[in-house]
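Examining the three-dimensional arrangement
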Amino acid sequence: MKARFTPALFAHAEAVLGQLLRFEFPADGVVSRYFREHRQLGHADRAFVAETAFTVLRRKRSLEARCAGQATPRRLLLAALALVRGWNQRELAPVLRAGEEAWLSEARTAGEAGLPPAVASDLPDWLYERLVAQFGAETVPALAAALNQPAPLDLRANTLKTDRDAVLVRLTTDGIAAEPGVLSPIAVRLRGKPALARHPLFVDGSVEVQDEGSQLLGFLLEPRRGEMVVDFCAGAGGKTLLLGALMRNTGRLYAFDVSDKRLAKLKPRLARSGLSNVHPARIEHERDQKVKRLAGKVDRVLVDAPCSGLGTLRRNPDLKWRQSAAAVAELVAKQAAILEAAATLVKPGGRLVYATCSLLAAENDEVVAAFLARRPEFRLVPAEGILAGQGITLAGEMLRLRPDLHGTDGFFAAALEKCK
């Protein structure tokens, strides 16, 4: 169902965008709070407001350039609707004011030719330069274009309760267009973004929302029945639930995080999942006593480290404007400390997987290389071999996913084994 485009609806989008452009808080939290305060907005209205505001965040630099010094929230929204989403003057007529039609015509005519590459790519200069140095100037436009698209909605079939084929049949029966994921054997990709919160498959825990790339981290860790496993930075527990299912609800799975708020979000998901082998625990820091008690006892440890999140710009476009080179440098120090602490848990012969949802080598390859130089008792295990053993075809010693190549969020992961 499409929202009815009215001046009142446009005003809501303008109010939301005005808050987002302050970059004081994460964009998804700002939008959620606004909707809680304006409960009269229906599902279609909320979708319009969120999608239009996020379009501006994705294309902010090029839209500002084409607004020619008049980049108010109102004009940015109009430019996003006309220049990115392709609305014509008739569709925009309900909200256009005197003079805006002529201004939009000029903006359309101007196009993006002649814009500096970083502006045309809608990236801050520091990030554009990092990506060019890492991937090459010829690759960045396609990568940036993929990062500037909305992410599809992916589900993970909970194999404790169902399988992917059954999920696909049920969704199709219910009129929800879906297809199997290309990489993960338990991923389902939806062709739209239907409301799923009340769908029976979601309510009973048969499916969870999880990007297909994120699912591969669980297969790279490859937890087995009866093992002791730690999800070191569990957050809201999406990967924890996958690990528990891969363990067939056996063994012992610890979900550590420093945030009570994030762990609280795991509780209802855990209740739906049918898992009984998960033990959530808040820790004060990576050297917490709860961590030290497990030293040398754990079969497998997943470290999905706090990172810049720059691989998730399809979902979180505000991050490219909120992050900085200095912030990344601070994160690298934190990542190294967390990886070092997590490594103390691993028993001889055990596996440690270090992962981020960043594209930057500073947070990925360089952190792993420095760790291996410090800890010669660990060795890199080729990711392609681990995944091939589970029917997943991806080349490379380390897992590297990009939206332009794989249709997933950007992910990095390295599998490290402790020598016996």
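Look above for the structure.
Below you will find a few notes about this structure. Since we're looking at a predicted model, the values are computed, not measured. (Residues numbered from 1 in each chain as written. Predicted model: local features only at pLDDT ≥ 70, side-chain atom pairs only at ≥ 80, totals over all residues. Heavy atoms only, no water.)

**A few points about the overall build of the protein chain**
Within the protein chain, the regular secondary structure consists of 21 helices and twelve strands. Its C-alpha atoms give the protein chain a radius of gyration of 23 Å, within 12% of the compact-globule value 22 Å for 420 residues. For the protein chain, the proportion of its 420 residues judged to be buried stands at 54%. At a minimum sequence separation of 6, the contacts of the protein chain that also span at least 24 residues come to 72%. Counting every atom, the protein chain has about 18100 Å² of accessible surface; 53% of that belongs to carbon and sulfur. Across the protein chain, 59 positive and 47 negative side-chain charges occur, with their mean positions spaced 5 Å apart. (Helix = DSSP H or I, 4+ residues; strand = E, 2+ residues; numbered from the N terminus. Rg over C-alpha atoms; globule rule 2.2 N^0.38 Å. Buried < 20%, exposed > 50% of the residue type's maximum accessible area, 1.4 Å probe, protein only. Contact = heavy atoms within 4.5 Å. Areas by Shrake-Rupley, 256 points an atom, 1.4 Å probe, with all protein chains shown as cover. Lys, Arg positive; Asp, Glu negative; His and termini not counted. Charge placed at Lys NZ, Arg CZ, Asp CG, Glu CD.)

**Considerations on the packing of aromatic side chains**
With the rule as written, the count across this model stands at eight aromatic pairs. Pairing Phe48 with Trp87 gives two aromatic rings, centres 6.0 Å apart and planes at 35°, and the pair type is tilted. In this pair, Phe48 is assigned in helix α3 (residues 43-58) and Trp87 in the loop between α5 (73-84) and α6 (89-92), connecting sequence segments 39 residues apart. On the accessibility criterion, Phe48 (8% relative accessible area) is buried. (Phe/Tyr/Trp six-rings, centres within 6.5 Å; stacked < 30°, edge-to-face > 60°.)

**Focus: the packing of helix α1 (residues 7-20) against α5**
The relative placement of two packed helices is expressed as an angle between their axes plus a distance between the axes. It is at 9 Å that the axes of α1 and α5 come closest, and there the two elements cross at 115°. Taken together, the axis directions place α1 and α5 in an arrangement best described as roughly perpendicular. For the element pair α1 and α5, the recorded crossing hand is right-handed. Residue-level contacts link Phe10, Ala13, Glu14, Leu17 and Gly18 of α1 to Pro73, Arg74, Leu76, Leu77, Leu78 and Leu81 of α5. Its residues assigned to classes, the contact of α1 with α5 comprises eight nonpolar, one polar and two charged. (Axes fitted to C-alpha atoms, helices over the stretch in contact; angles between N-to-C directions. Parallel < 35°, antiparallel > 145°, perpendicular 65-115°, else oblique. Left-handed = near helix turned anticlockwise from the far one by under 90°. Nonpolar A, V, L, I, M, F, W, Y, C, P; charged D, E, K, R; others polar.)

**Details of the environment of Arg97**
Along the polypeptide, Arg97 turns up in the loop between α6 and α7 (100-110). Overall, the relative accessible area of 53% leaves Arg97 in the exposed class. Separated by 224 residues in sequence, Arg97 and Trp321 place their C-alpha atoms 30 Å apart.

**Section: unusual backbone geometry**
A positive phi angle, near 55°, is found at Glu222, a position not held by glycine. Judged by its relative accessible area of 17%, Glu222 is buried.

**Some words on the pattern of salt bridges**
Under the criterion given, the structure shown has 31 salt bridges. When the shortest N-O distance is used, the salt bridge between Asp154 and Arg189 registers 2.7 Å. Of the two residues, Asp154 is situated in strand β1 (residues 153-157) and Arg189 in strand β3 (residues 187-190); the sequence distance between them amounts to 35 residues. In terms of burial, Asp154 and Arg189 fall into one category: buried. One salt-bridge network, in which partners are shared between bridges, spans Asp211, Arg314, Arg315 and Asp409. (Salt bridge = Lys/Arg side-chain N within 4 Å of Asp/Glu carboxyl O.)

**Some words on the sheet that holds β1**
Reading across from one edge, β2-β3-β1-β4 is the order of the four strands in this open sheet, with antiparallel pairing throughout. Of all strands in the sheet, those bounded by a partner on one side alone are β2 (178-180) and β4 (207-209). Here the average twist between neighbouring strands, direction ignored, is 30°. Pairing of β1 with β4 involves three bridges; the strand directions are antiparallel. Looking at the pairing, Leu155 lines up with Val209 of β4. (Pairing = 2+ DSSP bridges.)

**So, the nonpolar core**
Phe5, Leu20, Phe48 and Leu92 are the most contacted members of the largest nonpolar core, which has 38 residues in total. When contributions to this core are tallied by element, the ones reaching two or more residues are α1, α2 (27-37), α3, α5 and α7. If sequence neighbours within four positions are ignored, Phe5 has contacts with Phe10, Phe48, Leu81, Trp87, Glu91, Leu92, Pro94 and Val95. Counting 36 residues, the second largest nonpolar core, distinct from the first, contains Leu221, Ile386, Leu387 and Leu394. (Core = buried A, V, L, I, M, F, W, Y, C linked by side-chain atoms within 4.5 Å.)

**Some points on the pairing of β3**
Along a regular strand, successive side chains alternate from one face of the sheet to the other. Side-chain alternation along β3 places Ala187 and Arg189 on one buried face and Val188 and Leu190 on a second face that is also buried. With four bridges connecting them, β1 and β3 associate as antiparallel partners. Within the sheet, the bridge partner assigned to Asp154 lies in β3 and is Arg189.

**A look at the packing of helix α18 (residues 325-343) against helix α19 (residues 365-374)**
Taken N-terminus to C-terminus, the directions of α18 and α19 make an angle of 45°; their axes are 10 Å apart at the nearest point. In terms of their interaxial angle, α18 and α19 are classed as oblique. The hand of the α18/α19 crossing is right-handed. Residue-level inspection shows Val332, Gln335, Ala336, Leu339, Glu340 and Ala343 of α18 in contact with α19, the latter providing Val367, Phe371 and Arg374. Along the lines of polarity and charge, the residues of the contact of α18 with α19 split into six nonpolar, one polar and two charged.

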